[in-house]
Amino acid sequence: QRRSEQYLRGLLVQQTDRRNAENVAETIAGATPRALQRLLTEAPWFMTPLLDVLQRYLAPRLTAPTGVFVLDETAFPKQGTHSVGVAHQYCGALGKVANCQLGVFMAYVSPRGHALVDARLYLPKGWLDDPERCQQAGVPASVTFANKAELALTMLRHARSLGHLQGNWVTADEWYGRMPELRDALDADGWHYVLQVPRYLQVFTQPAQVAVPASSGRRRRPTRLRLVLGSALPQSVSLILAAQGDASWTALTVAEGRKTPQLAVRGAAHLRKP
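Model, not experiment: these values are computed from the prediction.

Basis of the calculations
- Residues numbered from 1 in each chain as written.
- Predicted model: local features only at pLDDT ≥ 70, side-chain atom pairs only at ≥ 80, totals over all residues.
- Heavy atoms only, no water.
- Salt bridge = Lys/Arg side-chain N within 4 Å of Asp/Glu carboxyl O.
- Buried < 20%, exposed > 50% of the residue type's maximum accessible area, 1.4 Å probe, protein only.
- Patch = residues over 30% accessible without salt bridge, like charges linked within 9 Å, V, L, I, M, F, W, Y side chains within 5 Å.
- Areas by Shrake-Rupley, 256 points an atom, 1.4 Å probe, with all protein chains shown as cover.
- Helix = DSSP H or I, 4+ residues; strand = E, 2+ residues; numbered from the N terminus.
- Phe/Tyr/Trp six-rings, centres within 6.5 Å; stacked < 30°, edge-to-face > 60°.
- Lys NZ or Arg CZ within 6 Å of the ring centre and 35° of its normal.
- Arc of directions from axis to C-beta.
- Contact = heavy atoms within 4.5 Å.
- Axes fitted to C-alpha atoms, helices over the stretch in contact; angles between N-to-C directions.
- Parallel < 35°, antiparallel > 145°, perpendicular 65-115°, else oblique.
- Left-handed = near helix turned anticlockwise from the far one by under 90°.
- Nonpolar A, V, L, I, M, F, W, Y, C, P; charged D, E, K, R; others polar.
- pLDDT = per-residue confidence, 0-100.
- Pairing = 2+ DSSP bridges.
- Core = buried A, V, L, I, M, F, W, Y, C linked by side-chain atoms within 4.5 Å.

**Details of the pattern of salt bridges**
Item 1. Taken as a whole and assessed by the stated rule, the structure comprises five salt bridges.
Item 2. We note a salt bridge from Arg34 to Glu42, for which the minimum N-O separation is 3.0 Å.
Item 3. On the basis of relative accessible area, Arg34 is assigned to the partly exposed category, the value being 47%.
Item 4. Accessibility expressed as a relative area gives 45% for Glu42, which makes it partly exposed.

As structure tokens, then:
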């Protein structure tokens, strides 16, 4: 606890761009580079209880009924191969695919202010397919693969179970908005949300009729839903917006129906045009 307090104080007062253990230790009495390095690389401590305390601490300072949970990811460029989760993947900080770690973060925003309140490290499948590498890096054997949408849902559900931060709204960029499993899960959990979607996303503006096709007897029996002949067809978001004219805000009727693409707007009457 003492070392973690020293490290945080050092981050707050250190003015250099590169904040390593050496220059952080120089600013805090009683701290040494080796002690701070051990805190970050060897000392066992658990993040989740600290995040729970953080949310409890922020509640009387930030929480409001109109609070919004914001989901986003951030990548951290890395040179080596030993950091947990490091892999060649898209790095927003560099604007290209590069060697990096990737984390999914959640912020809480209200009229009273905003703060980061949770985070989850994304562990690529390539790591989990290599148990020896995971063991050497200290990844628990109980860890299983979770995509970014699942990590985001874990954070939302955990915050709701704690109950410290009020709010029933969620927002995120188009990487999350284009994932139907995330939108369906938010619906099922009772969240209101506004998610950005890419212009090429196919959506229905009228209810779509779907059914499992009858078996022809020659091939394996179909199990997936298909559009019924004559049903409304999906259109790209760009075509829908182009047909709406120049209005800054346009109400859109969104098709309801399981297993059909839906425009990523729930709990709001309007979609803002990009």
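**Things to note about a nonpolar patch on the surface**
Item 1. Judged by side-chain polarity, Val210, Val212, Leu225, Leu227 and Leu233 come together as a nonpolar surface patch covering roughly 400 Å² of accessible area.
Item 2. Relative to the assigned elements, Leu233 resides in the loop between β9 (226–227) and β10 (235–236).

**Concerning the packing of aromatic side chains**
Item 1. For the structure shown, the criterion picks out five aromatic pairs.
Item 2. With a centroid separation of 6.1 Å and an interplanar angle of 70°, the aromatic rings of Tyr122 and Phe145 are classed as edge-to-face. You can see Tyr122 sitting in the loop between β4 (113–121) and α5 (125–128) and its partner Phe145 sitting in the loop between α6 (131–137) and α7 (148–162), a full 23 residues away along the chain.
Item 3. Note on Tyr122: relative accessible area 14%, which makes it buried.
Item 4. By the ring-pair criterion, three or more aromatic residues cluster together here, those being Phe69, Tyr108 and Trp191.
Item 5. Over the ring of Tyr57 we find Arg61, and its NZ or CZ is 3.8 Å from the ring centre.
Item 6. In this structure, Lys148 packs its charged tip against the face of Trp175, placed 4.4 Å from the ring centre.

**Overview of helix α3 (residues 33–41)**
Item 1. Restricting attention to buried positions, one finds in α3 the residues Ala35, Leu36 and Leu39. Viewed end-on, α3 has its buried residues packed into an arc of 95°, placing them on one side of the element.
Item 2. Looking at the buried positions of α3, the neighbouring elements they touch are α1 (2–13) and α2 (21–27).

**Concerning the packing of helix α4 (residues 47–62) against α7**
Item 1. In contact at an axis separation of 11 Å, α4 and α7 are set at 55° when each is read in the N-to-C sense. Judged by the angle between their axes, α4 and α7 are oblique. Viewed along their axes, α4 and α7 form a crossing whose handedness is right-handed. The segment α4 lies against α7, with Thr48, Asp52 and Gln55 engaging His158, Ala159 and Leu162.
Item 2. Across the contact of α4 with α7, the residue classes break down as two nonpolar, three polar and one charged.

**Observations regarding helix α9 (residues 180–189)**
Item 1. Every buried residue belonging to α9 is among Leu182, Arg183, Ala185 and Leu186, and all of these are buried. Along the long axis of α9, the arc covered by the buried residues comes to 165°, so they all point the same way.
Item 2. Structurally, α9 contributes buried residues whose contacts are with α7, β5 (169–172), α8 (174–177) and β6 (192–195).
Item 3. Once α9 ends, the next one or two residues include Gly190, with phi positive near 85°.

**A short note on the confidence of the model for the chain**
Item 1. Here the chain averages 85 in pLDDT, and 89% of its residues register 70 or above.
Item 2. For the stretch residues 248–274, pLDDT sits under 50, and the model shows 70 contacts to residues farther than four places along the chain or on other chains.

**With respect to the pairing of β4**
Item 1. Inspection of the sheet shows strand β3 (residues 96–110) paired to β4 by eight bridges, in the antiparallel sense. Within β4, the residue paired with Phe105 across the bridge is Ala119.
Item 2. Here β3 folds back onto β4, and the loop between the two strands holds two residues.

**Thoughts on the packing of α7 against α9**
Item 1. The N-to-C vectors of α7 and α9 enclose an angle of 15°; their axes lie 10 Å apart at closest approach. As the angle between them shows, α7 and α9 are arranged roughly parallel. The element α7 and its partner α9 pack so that their crossing is right-handed. Within the contact between the two elements, α7 uses Ala149, Leu153, Leu156, Arg157 and Arg160 and α9 uses Leu182, Ala185, Leu186 and Asp189.

**Observations regarding the environment of Met155**
Item 1. By the secondary structure assignment, Met155 is in helix α7.
Item 2. Non-local contacts of Met155, meaning those with residues more than four positions away in its chain, are made with Leu71, Val104, Phe105, Met106, Asp118, Ala119 and Arg120.

**Regarding the nonpolar core**
Within soluble globular proteins, side chains that are nonpolar generally end up buried alongside one another.
Item 1. Of all hydrophobic cores here, the largest spans 29 residues; its most connected members are Phe69, Leu71, Met106, Leu156, Val170, Leu182 and Leu186.
Item 2. Of all the secondary structure elements, the ones that give two or more residues to this core are α4, β1 (68–77), β3, β4, α7, β5, α9 and β6.
Item 3. At seven residues, the largest contribution of residues to this core is made by α7.
Item 4. Core analysis: the second largest hydrophobic core is formed by eight residues, Tyr7, Ala21, Val24 and Ala31 among them.

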